[in-house]
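# Survey of secondary and tertiary structure
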Amino acid sequence: MQARTDAQLKRGIGEFYDESSGIWEEVWGEHMQQGYYREGEKPASFARHVEAQDDMIEKALELCGADGVAARCRRDGRRLRVLDVGCGVGGSSRYIARKYGADVVGLTLSPKQAARGNELSRGLNVTLKAEDATSTAFADGSFDLVWSLESGEHMPDKAQFVSELSRVAEDMKQVIDTANAPIFGIDDCGLVNEWNRKAAQITGFSKEEVMGQDLVRKFITAEYQESVSEVLKDCLLYTSDAA
């Protein structure tokens, strides 16, 4: 079976959500995403599911250090600029716009989602567009924060996806370093090339100690080295054909 081209894949995704987005909105609400629930919780109402979706957004904003980015923008005398990738009908875009008084641009491959989202976003500084997030026309550093919730895993070329979002984010390195979640990176040889403050705090290894070191051999115990190596290898060798 012949593999679809990148353009065919993206066109198919857009057409799928053009046809099904109304159903998703009816079932999931405006966010079209999972919620953040208490352990063992069995939500008894749709309203609780919606509340849990808001909680998920709040938790993600906390982990990425968004409050600090917004505060820095206020000190600079300007509004927070946010790019929402895989925005659906813009539930997260509107939430973030209201929370921070932000200017938000949302990208989706579905023209119908963009149109529906813009209808729901009247009165807010939110604009949804039907565009490919892996190849945008935005200038370097156009945004202070890039938001992508339950969309990155579907991108066929993840390296291009991350590269493009890093390009349009004004200071991705600062956001990574100050995030409230541990973030690390390795190159294709398995050597550490990113290690943020939270990773250092949790592991007890400073950035200076780990940079350039073999992550698995130096910092993973012997019993887990093989399994961790396999996971990292799969990530590094990921292609759209392997999805």
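Residues numbered from 1 in each chain as written. Predicted model: local features only at pLDDT ≥ 70, side-chain atom pairs only at ≥ 80, totals over all residues. Heavy atoms only, no water.

Attention now moves to the environment of Arg78. Looking at the secondary structure, you find Arg78 in the loop between α3 (66–75) and β1 (81–85). Residue classification places Arg78 among the partly exposed positions, given a relative accessible area of 28%. Sequence separation between Arg78 and Ala102 is 24 residues, and the spatial gap between their C-alpha atoms is 9.4 Å. For Arg78, the residues in contact, after removing those within four places along its chain, are Cys73, Asp144 and Glu170. A polar contact of 2.8 Å, which involves the side chain of Arg78, links it to the side chain of Asp144. (Helix = DSSP H or I, 4+ residues; strand = E, 2+ residues; numbered from the N terminus. Buried < 20%, exposed > 50% of the residue type's maximum accessible area, 1.4 Å probe, protein only. Contact = heavy atoms within 4.5 Å. Polar contact = N/O pair within 3.5 Å; in protein donor to acceptor, adjacent residues only side chain to side chain.)

On to the packing of helix α1 (residues 6–28) against helix α5 (residues 111–120). With their axes 7 Å apart at the nearest point, α1 and α5 run at an angle of 40 degrees to one another. If you check the angle between α1 and α5, you find them oblique. The residues of α5 that touch α1, namely those facing Tyr17, Asp18, Ser21 and Glu25, are Pro111, Lys112, Gln113, Arg116 and Leu120. Classifying every residue of the contact of α1 with α5 by side-chain character gives 3 nonpolar, 2 polar and 4 charged. (Axes fitted to C-alpha atoms, helices over the stretch in contact; angles between N-to-C directions. Parallel < 35°, antiparallel > 145°, perpendicular 65-115°, else oblique. Nonpolar A, V, L, I, M, F, W, Y, C, P; charged D, E, K, R; others polar.)

On to the pattern of salt bridges. Where charged atoms from two side chains of opposite charge approach closely, those side chains can pair. This model, assessed by the stated rule, comprises 16 salt bridges. With a shortest N-O distance of 3.0 Å, Asp144 and Arg81 are connected by a salt bridge. Taken as a pair, Asp144 in the loop between β3 (126–130) and β4 (145–147) and Arg81 in strand β1 lie far apart in primary sequence, 63 residues in all. A relative accessible area of 3% means that Asp144 is categorised as buried. The class for Arg81 is partly exposed, based on a relative accessible area of 23%. (Salt bridge = Lys/Arg side-chain N within 4 Å of Asp/Glu carboxyl O.)

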